[in-house]
Amino acid sequence: MTADQLIDVLVASLVRDKGGTKHQWRKRIGPVQLYSLATHPHCNWAVNPVGTRTETEAIERLIDDLRISHPIIATER
């Protein structure tokens, strides 16, 4: 999985479960930050969502779930 694919999965889940638009959720999620596997061998990505408390909680719950199944994501090619 790549960072773009990760965001697509988050956005699709949020639109389906919480409503709103893809654009709205993409802005709330923000960019995926990738880290070197040399310094972050167990999980090489992070997201710092913004928005209301309810929005950030929904995003953070999904992030926790995705981090379990996709702890390492590929860099864009």
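About the thresholds
- Residues numbered from 1 in each chain as written.
- Predicted model: local features only at pLDDT ≥ 70, side-chain atom pairs only at ≥ 80, totals over all residues.
- Heavy atoms only, no water.
- Helix = DSSP H or I, 4+ residues; strand = E, 2+ residues; numbered from the N terminus.
- Contact = heavy atoms within 4.5 Å.
- Phe/Tyr/Trp six-rings, centres within 6.5 Å; stacked < 30°, edge-to-face > 60°.
- Lys NZ or Arg CZ within 6 Å of the ring centre and 35° of its normal.
- pLDDT = per-residue confidence, 0-100.

Trainee: For this particular structure, what's the right way to read the side chain of threonine 56?
Mentor: Secondary-structure assignment places threonine 56 in helix 3 (residues 53-69). Those residues within four positions of threonine 56 in sequence are excluded, and the remaining contacts are Pro49, Val50 and Gly51.

Trainee: What should I look at first to understand the packing of aromatic side chains in this one?
Mentor: Within a pair of aromatic rings, the relevant descriptors are the distance that separates the centres and the angle that separates the planes. Overall, the coordinates contain zero aromatic pairs when judged by the stated rule. The residue whose ring lies beneath arginine 67 is tryptophan 45, and the NZ or CZ to ring-centre distance is 4.5 Å.

Trainee: Would you mind showing me how to read the confidence of the model for the protein chain here?
Mentor: Regions with low pLDDT carry predicted coordinates that are not meant to be interpreted in detail. Of all residues in the protein chain, 97% have pLDDT values of 70 or greater, and the mean over the chain is 92. When mean pLDDT is taken per element in the protein chain, helix 2 (residues 22-29) scores highest with 97 and strand 1 (residues 32-34) scores lowest with 93.

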